[in-house]
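Each chain is listed here by its residues.
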Amino acid sequence: MRILLVASAFNSLTQRVHTELRGLGHRVGVELALGDDLLRARVAQFGPDLILAPMLTTAIPDDIWSTYTVLIVHPGPKGDRGPSSLDWAIHEDAAEWGVTVLQAVDEMDAGPIWASEPFPVASCGKSELYRNEVADAAVRAVLLAVARFADPEFVPEPLDYRRPDVYGRLRPYHAQEYRRIDWSADDTATVLRKLRSADSQPGVLDELFGQQFFLHGGHYEDRLRGHPGTVIATRDRAICRATVDGAVWLPQLRPRRTPGGPATFKQPATDALGPDLLAGVPDIPVTPFEAVTRDTWSELRYYEEGEVGYLEFAFAGGAMSTDQCRRLLAAYQQACRRPVDVLVLGPARDFFSNGIHLNVIEAADDPAEESWRNINAMDDLVEAILTTTDKVVIAALAGNAAAGGVMLALAADEVWVRESAVLNPHYRLMGLHGSEYWTYTLPRRVGIDQADRLTRETLPVGARRAAELGLVDRVTGGDAAEFRAWVRQEAESLAAAPELTDRLVTKKQRRAADEAAKPLSAYRDYELAQMRQNFYGENEPYHQLRRNFVHKVRPQVTPTHLLA
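Owing to the predicted nature of the structure, the values given are computational and were not obtained by experimental measurement.

Rules of the game
- Residues numbered from 1 in each chain as written.
- Predicted model: local features only at pLDDT ≥ 70, side-chain atom pairs only at ≥ 80, totals over all residues.
- Heavy atoms only, no water.
- Pairing = 2+ DSSP bridges.
- Helix = DSSP H or I, 4+ residues; strand = E, 2+ residues; numbered from the N terminus.
- Axes fitted to C-alpha atoms, helices over the stretch in contact; angles between N-to-C directions.
- 1 Å grid on protein atoms, 1.4 Å probe; cavity = no way out; pocket = protein on both sides within 12 Å on 5 of 7 lines; lining within 4 Å.
- Points joined across faces, edges and corners; volume = space filled by probe spheres on them.
- Expected span 1.5 Å × (residues − 1).
- Buried < 20%, exposed > 50% of the residue type's maximum accessible area, 1.4 Å probe, protein only.
- Arc of directions from axis to C-beta.
- Contact = heavy atoms within 4.5 Å.
- Salt bridge = Lys/Arg side-chain N within 4 Å of Asp/Glu carboxyl O.
- Parallel < 35°, antiparallel > 145°, perpendicular 65-115°, else oblique.
- Nonpolar A, V, L, I, M, F, W, Y, C, P; charged D, E, K, R; others polar.
- Core = buried A, V, L, I, M, F, W, Y, C linked by side-chain atoms within 4.5 Å.
- Phe/Tyr/Trp six-rings, centres within 6.5 Å; stacked < 30°, edge-to-face > 60°.
- Lys NZ or Arg CZ within 6 Å of the ring centre and 35° of its normal.

Trainee: Lay out the sheet that holds strand S23 (residues 474–476) in plain terms, naming residues and giving numbers.
Mentor: Within the open sheet, the 6 strands sit side by side as S15-S16-S17-S18-S20-S23. Their pairing is mixed. Among the strands making up the open sheet, the edge pair consists of strand S15 (300–305) and S23. For this sheet, the mean angle separating the axes of adjacent strands, direction not counted, is 20°. Where S15 and strand S16 (residues 308–313) come together, 6 bridges link them in antiparallel fashion. Across the sheet, residue Arg-301 finds its bridge partner in S16, namely Glu-312.

Structure below.
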């Protein structure tokens, strides 16, 4: 079947649907919703059997939906309508929500229903929920709807609020008036719901030190207390703010744009505020070993079960700044000193890693220099993993990974991936050659020709396809919790296996042989020479592409790599 995806952005869900449909053998094209005439031209050129909109914030022209079947993926249960469905679900503390695939008609979100799937609402931010429970339900609904479209006997269900299973309703846009936090009255649970319903966009508009910021993220703090509304601590560039009955951590802030002023973007909270405003606010660190025993915010957690160590890291948006790379490296080195034979790397859910932190780089006084520091910090981390020969290192990907984040995973001995994860093993869309020793690890796994294709075509790769290519080792289904349970079981079996000792001997021998044939330093020197040119050379596209990404500049036309 020829299926055209129409989306406001080629975001995580659109990529997931893209990989799932291609995996089923469909011919899939993508058109970004950049204008009605451009869409009309693309539809005429592609000649779709079906048009599918996984993520769309604008209406499809009536001359298109009246000619073709257009299915819209709406993140709400049957009958839910409006642009802020997930925001309301989290704000109102819903235990269960849904995803509905409905047909485009004249009235928004009111068309016949082709499929609907429920999902539990996890206690997390909107964006994390979207990439996990929502995406899983959306894919189930999309695949069911596509199968039903192929069935000439199927008739979609008209929207009928008299039906008992239609419990959604039309809701208004979730404006800042609904999100506003009253620090003198709202308890911690209320504050967290407001913060999480606005994460990662648009954030909660608030005031700090007499200035207006959008607050992004929201995490519970179990010990610290203070006068409601005040900033009482910092940690790893986040701030802790007191509530009437506790405190919450805010990892990121975005200054409110002033009229006529430059565009703003999310930054680590302490960076956005600056040292002068935070003078006198204590920094209260927590170690990865301590964090796992507490209900507090930490990007790093370490624990052990039997002969297996687990180093979890969770960075907002999957981006890893210079400081974050260095802290993760220190935690990794400490974990390597522990008496365990198997070490598992990766967060319990959501992004594994997306590589260097473009927002932090954009905000730096010298973006080229900060880019250089960041990529070297990533390389130091990857090198440490590659040169670990006394443990089997497992990269466990519960969620997506891209660019240097994929190559970070490939540094491990094995890569285990949840079936729903999408990988983007390339750098070209940011105008970069890439580093993280990918010229060593990627060809070693998939071969030189396949490595060239993956980095040149710049298309997402689904988990099952990645396994077929040899890019990853093992894939399993289930939600994030089920994946983590499977990882624990398999890691414990690996640690108990009688052949583990021989495997570690073989690993050490192979590393020595590879080093003798071509030292790791040669790969690093070559890659960094290309990256230095990307960062410091004249007429290099990286800096403009980075600015466009950070400031969310929309392209004028759909990029050619998305055209099937």
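There is more to say after this.
Trainee: Before we move on, could you go through empty space enclosed by the protein and cite the residues and values that matter?
Mentor: If you walk through the whole model with that rule in mind, you get 3 cavities of 30 Å³ or more. Considered as a void within the structure, the largest cavity measures approximately 100 Å³ in volume. Arg-131, Asn-132, Gly-399, Asn-400 and Ser-420 are the residues nearest the centre of the largest cavity, which is lined by 14 residues in total. Counting residues per element, the ones that place at least two in the lining of the largest cavity are helix H1 (12–23) and helix H5 (126–149).

Trainee: Outline helix H18 (residues 500–517), listing residues and values.
Mentor: Taking 1.5 Å as the rise per residue, H18 with 18 residues should run 26 Å; its terminal C-alpha atoms sit 26 Å apart, in good agreement. Listed in full, the buried residues belonging to H18 are Leu-500, Leu-504, Lys-507, Arg-511 and Asp-514. Around the axis of H18, the buried residues are gathered within 90° of arc, so they sit on the same side. Within H18, the exposed residues directed more than 90 degrees away from the buried face are Thr-501, Asp-502, Gln-509, Ala-516 and Ala-517. On its buried face, H18 sits against helix H12 (367–386), strand S18 (392–397), helix H14 (438–446), helix H17 (480–496) and helix H19 (520–536).

Trainee: Before we move on, could you go through helix H10 (residues 322–336) and cite the residues and values that matter?
Mentor: When the terminal C-alpha atoms of H10 are compared, their 21 Å separation across 15 residues agrees well with the 21 Å that a helix rising 1.5 Å per residue should span. Of the residues making up H10, those classed as buried are Thr-322, Gln-324, Cys-325, Leu-328, Leu-329, Ala-331, Tyr-332, Ala-335 and Cys-336. Taken together, the buried residues of H10 touch helix H9 (288–291), S15, S16, strand S17 (342–345), H12 and S18.

Trainee: With reference to specific residues and values, describe the pattern of salt bridges.
Mentor: One pass over the structure, following the stated rule, counts 49 salt bridges. For Arg-171, the salt bridge goes to Asp-80, with nearest N and O atoms at 3.5 Å. Placement of the pair is Arg-171 in the loop between H5 and helix H6 (176–179) and Asp-80 in the loop between strand S4 (70–74) and helix H4 (85–91), with a sequence separation of 91 residues. The closest approach of N and O atoms between Arg-503 and Glu-414, which form a salt bridge, is 2.7 Å. Within this pair, whereas Arg-503 is found in helix H18, its partner Glu-414 is found in strand S20 (residues 414–418), the two being separated by 89 residues in sequence. You can call Arg-503 partly exposed: its relative accessible area is 29%. Through salt bridges with shared partners, a single network forms among Glu-221, Asp-222, Arg-223, Glu-290 and Arg-294.

Trainee: Outline the packing of H14 against H19, supporting the account with residue identities and numerical values.
Mentor: Packing of H14 against H19 brings their axes to within 8 Å, and their N-to-C directions diverge by 110°. In terms of orientation, H14 and H19 fall into the roughly perpendicular class. Of H19, the residues touching H14 (which contributes Trp-438, Thr-439 and Tyr-440) are Leu-520, Tyr-523, Tyr-526 and Glu-527. Residues belonging to the contact of H14 with H19 are distributed by class as follows: 5 nonpolar, 1 polar and 1 charged.

Trainee: Residue-level account of the environment of His-551, with values.
Mentor: Mapped onto the elements of the fold, His-551 is located in the segment after helix H20 (542–550). We classify His-551 as partly exposed; its relative accessible area is 29%. In contact with His-551, other than residues within four places in its own chain, are Ala-263, Phe-265 and Glu-362.

Trainee: How would you explain the layout of surface pockets if you had to name every residue and give the values?
Mentor: Within this model, the second largest pocket holds a volume of roughly 820 Å³. Those elements that provide at least two residues to the lining of the second largest pocket are H1, strand S6 (113–120), H5, helix H15 (448–457), strand S22 (461–462), helix H16 (463–469) and H17. Its residues placed into classes, the lining of the second largest pocket shows 17 nonpolar, 7 polar and 15 charged.

Trainee: A description of the nonpolar core should follow, citing residues and the corresponding values.
Mentor: Counting residues in hydrophobic clusters, the biggest one holds 71 residues, and the most contacted among them are Tyr-332, Leu-397 and Leu-442. Of the residues forming this core, the biggest block, 10 residues, is contributed by H12. Ignoring sequence-local partners within four residues, the contact set of Leu-442 consists of Met-407, Leu-410, Gly-447, Ala-451, Leu-454, Thr-455 and Leu-471. If you look at the next biggest cluster of nonpolar residues, it comprises 37 residues, including Leu-52, Ala-89, Cys-124 and Ala-137.

Trainee: Outline the pairing of strand S11 (residues 238–242), listing residues and values.
Mentor: Put simply, side chains in a regular strand alternate between the two faces of the sheet. Counting buried positions along S11 gives 5 out of 5 residues, so the element sits mostly inside the fold. Both faces of S11 are covered, namely the face carrying Ala-238, Cys-240 and Ala-242 and the face carrying Ile-239 and Arg-241. Alignment of strand S10 (residues 231–235) against S11, held across 4 bridges, turns out to be antiparallel. Bridging from a neighbouring strand, Thr-234 pairs with Ile-239 of S11. From the end of S10 to the start of S11, which pair antiparallel, there are 2 residues, and Asp-236 there has a positive phi angle of about 50°. Relative to strand S12 (residues 247–250), S11 runs antiparallel, the two sharing 4 bridges. Residue pairing across strands places Arg-241 opposite Val-248, the latter belonging to S12. Linking S11 to S12, which pair antiparallel, is a turn of 4 residues.

Trainee: Hey, could you go over the packing of aromatic side chains for me, with residue numbers and the actual values?
Mentor: In the structure shown here, the tally under the stated rule is 13 aromatic pairs. Relative to Phe-315, the ring of Phe-313 lies with its centre 6.0 Å away and its plane at 25°, an arrangement referred to as stacked. Phe-315 shares its class with Phe-313; the two are buried. Ring plane angle 50° and centroid distance 5.1 Å describe the contact between Tyr-440 and Tyr-523, whose orientation is recorded as tilted. Here the residue Tyr-440 occupies a position in helix H14, and Tyr-523 occupies one in helix H19, the gap between them amounting to 83 residues. Grouping residues by exposure puts Tyr-440 and Tyr-523 together as buried. Aromatic rings pair up to connect Trp-114, Phe-149 and Phe-154 into one cluster. Seen from the ring of Phe-46, Arg-2 lies directly overhead, with NZ or CZ sitting 4.4 Å from the centre. The positively charged end of Arg-532 is found above the aromatic ring belonging to Trp-372, 4.2 Å away from the centroid.

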